[in-house]
Amino acid sequence: MADYSFYIITTYALSGAVLAGLAIFSYCKMKSTEREAQKLRQMRKERG
Amino acid sequence: MHRFANPAKFNRLADQILPWAIFFGLVAFATGIYYALFNSPADYQQGESVRMMYVHVPAAWASMSIYGFIAVTSFVALVWRHPLALLAGKAAAPIGATITALALITGALWGKPMWGTYWQWDARMTSVLVMFFLYLGYSALWQAMEDDEKAGRAASILALVGVVNLPIIKFSVEWWNTLHQSASIMRLDGPSMPAEMLKPLFIMGIAYQLYFTVLVLWRMKMEISKRKIQALRQLATANEA
């Protein structure tokens, strides 16, 4: 039987890295945007 | 439907769904990968290389269902002018493009040892590539115009026109003579695969759907915050003037 380990490992490693990368990026972007909105709201409140 | 057009209500609902979707998504990925790599049989023809199917096929399913999701949100946005529907489509497009790219790349990695080539311009592969470009076009239209309303409408029309590609992808292996194998799961006479292989495949399919649910909710929350920032900045500019 042929050895397919290179293709199998690459498939799983690439998929895992891409999915995890996109998830981390989306989470961080969501959090930083929320923080910025919160900061602006706070500034507006302070200015009255 | 307009009940959830209120961003605060939507955020509350999303915050309730997210922990469960993250938990079950992680469990589904862990279980699916365990079965795919250690607890499912090798194929009698393809041998161990069949294990790539458990990543490639659910990615291909997700790429099509996400496109369907964008088409539905586009329809809702155009007909009922639902504000969150537009944001949902915008939030889903980068996820769909990434998963479609993964489906194409993992398909190529599976194709090389099985067919002797990474790529061939057959109907299935080409129609999926067209879907990838539709995702890019949809996102590009959002970026191309300053007015979000106009951009959203143009992108929605493109998404609806592109729906014609979904049946082409599904039936391409029947309508044309393709290198890609024909359907082995969604067939009129039932799946042609043993239960030991179907189990990890469906678990991974669910994992991809939960992954999409989590990411689309995060990205929608991000889009809502972006709109808030924009509105607050406009208010600040108006007050200064």
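Scroll up for the structure.
In this report, we go over the structure that sits alongside the text. For clarity, every value in this text was computed on a predicted model and none was experimentally measured.

Turning next to the interface of chain A and chain B. A common way to state how big an interface is: give the accessible area lost once the parts meet. Every contact between the two is made by 25 residues of chain A and, on the other side, 37 residues of chain B. Here chain A meets chain B over a buried area of about 3000 Å², counting both sides, of which 76% is carbon and sulfur. Three residues stand out in chain A for area buried against chain B, namely Tyr7, Tyr12 and Leu19 of chain A, and they jointly supply 22% of the buried area on that side. Between chain A and chain B we count two salt bridges in total. Notably, a salt bridge pairs glutamate 36 of chain A with arginine 233 of chain B, separated by 2.5 Å at the nearest N-O pair. The tally of links from chain A across to chain B stands at four residue pairs in polar contact (both at pLDDT 80 or more). Among the residues making up the side of chain A that touches chain B, the classes are represented as 15 nonpolar, five polar and five charged.

Below, the discussion takes up the side chain of lysine 90 of chain B. Residues and elements named next belong to chain B. Looking at where lysine 90 falls in the secondary structure, it is placed in helix H3 (residues 83–115). Since its relative accessible area comes to 16%, lysine 90 is described here as buried. Ignoring anything within four residues of it in the chain, the contact list for lysine 90 reads Tyr138, Trp142 and Glu223.

Bringing the nonpolar core into the picture now. Membership of the largest hydrophobic core comes to 77 residues, with the highest contact counts inside it found for Ile66, Ile95, Ile99, Tyr208 and Tyr211 of chain B. Broken down by secondary-structure element, the contributors of at least two residues to this core are helix H1 (5–47) of chain A together with helix H1 (7–38), helix H2 (53–80), H3, helix H4 (123–144), helix H5 (148–162), helix H6 (165–175) and helix H7 (195–240) of chain B. Here the element with the most residues in this core is H7 of chain B; it accounts for 18 residues. Ignoring anything within four residues of it in the chain, the contact list for isoleucine 99 of chain B reads Leu19 of chain A together with Ala59, Ala62, Ser63, Ile66, Tyr208 and Tyr211 of chain B.

Residue and element names in this part refer to chain B. Helix length check: H3 (33 residues) gives 46 Å between terminal C-alpha atoms against 48 Å at 1.5 Å per residue, within 8%. Maximal helix bending in H3 amounts to about 30°, located at alanine 93; proline proline 94 follows within four positions. A large share of H3 lies buried, amounting to 24 of its 33 residues. Where H3 terminates, the next one or two residues include glycine 116, which has phi positive at roughly 85°.

Mapping serine 127 of chain B onto the fold places it in helix H4. Apart from residues lying up to four places away in sequence, serine 127 of chain B is in contact with Asn165, Ile168, Ile169 and Ser172 of chain B.

Moving on: H6 of chain B. Residues and elements named next belong to chain B. Regarding H6, the residues found buried are Asn165, Leu166, Ile169, Ser172 and Val173. Relative to the axis of H6, the buried residues are bounded by an arc of 145° and lie together on one face. In H6, those exposed residues whose orientation departs by more than 90 degrees from the buried face are Glu174 and Trp175. Check the buried side of H6 and you find it contacts H2, H4 and H5.

So, about the packing of aromatic side chains. Geometry of an aromatic ring pair is reported as the spacing of the ring centres plus the angle between the planes. Residue and element names in this part refer to chain B. Evaluated as defined, the whole model comprises 16 aromatic pairs over all chains. Centre to centre, the rings of phenylalanine 29 and tyrosine 211 are 6.4 Å apart; their planes meet at 85°, and the pair counts as edge-to-face. With phenylalanine 29 in helix H1 and tyrosine 211 in helix H7, this residue pair connects regions lying 182 residues apart in the sequence. Judged on exposure class, the residue phenylalanine 29 and its partner tyrosine 211 are both buried. Three or more aromatic residues joined by ring pairs make a cluster, and in this case those are Trp20, Phe23 and Phe24.

Our next topic: unusual backbone geometry. Positioned with a positive phi, arginine 81 of chain B is a non-glycine residue whose angle comes to about 50°. As for its position among the elements, arginine 81 of chain B is in the loop between H2 and H3.

Residues and elements named next belong to chain B. A complete count under the given rule lists nine salt bridges over all chains for this structure. One salt bridge in this structure joins aspartate 15 and lysine 221, with 2.6 Å as the shortest N-O distance. Here the residue aspartate 15 occupies a position in helix H1, and lysine 221 occupies one in helix H7, the gap between them amounting to 206 residues. Take aspartate 15: its relative accessible area is 41%, and that puts it in the partly exposed class. Residue classification places lysine 221 among the buried residues on the basis of a relative accessible area of 5%.

Analysis parameters
Every chain's residues receive numbers from 1 upward, in the order its sequence appears when written. Written order determines the labels here, with chains lettered from A and ligands numbered from 1. Selection of residues for local features in this predicted model requires a pLDDT of at least 70, selection of side-chain atom pairs for listing and counting requires 80 or more, and totals for whole chains, interfaces and linings are taken over all residues. Excluding hydrogens and water, the side-chain values take into account all heavy atoms of the structure. Contact between two residues is taken to exist if any of their heavy atoms lie within 4.5 Å; hydrogens are not considered. Throughout, buried area stands for the accessible area (probe radius 1.4 Å) lost by two parts on being put together, summed over both. For this document, the term salt bridge refers to a Lys or Arg side-chain nitrogen within 4 Å of an Asp or Glu carboxyl oxygen. Definition of a polar contact: a pair of N or O atoms within 3.5 Å, with one able to donate and the other able to accept a hydrogen when the atoms are protein atoms, and with sequence-neighbouring residues admitted only if both atoms are side-chain atoms. All amino acids are sorted into three groups, where Ala, Val, Leu, Ile, Met, Phe, Trp, Tyr, Cys and Pro are nonpolar, Asp, Glu, Lys and Arg are charged, and the leftover types, Gly among them, are polar. Segments assigned H or I by DSSP are reported as helices when at least four residues long, segments assigned E as strands when at least two residues long, and all are numbered from the N terminus. The buried label applies to any residue whose accessible area, calculated with a 1.4 Å probe on protein chains only, is under 20% of its type's maximum; exposed applies above 50%, and partly exposed to all values in between. The set of buried Ala, Val, Leu, Ile, Met, Phe, Trp, Tyr and Cys residues whose side-chain atoms join them within 4.5 Å is what this entry labels a nonpolar core. Expected helix span is given by 1.5 Å per residue-to-residue step, counting one fewer step than there are residues. The quantity called bend is, for any residue, the angle between two axes fitted respectively to the seven residues ending at it and the seven beginning at it. The arc in question is the one traced by the directions running from the helix axis out to the C-beta atoms. Ring pairs shown here join Phe, Tyr and Trp side chains whose ring centres sit within 6.5 Å, with only the six-membered ring taken for Trp; geometry is labelled stacked below 30 degrees between planes, edge-to-face above 60, and tilted in between.

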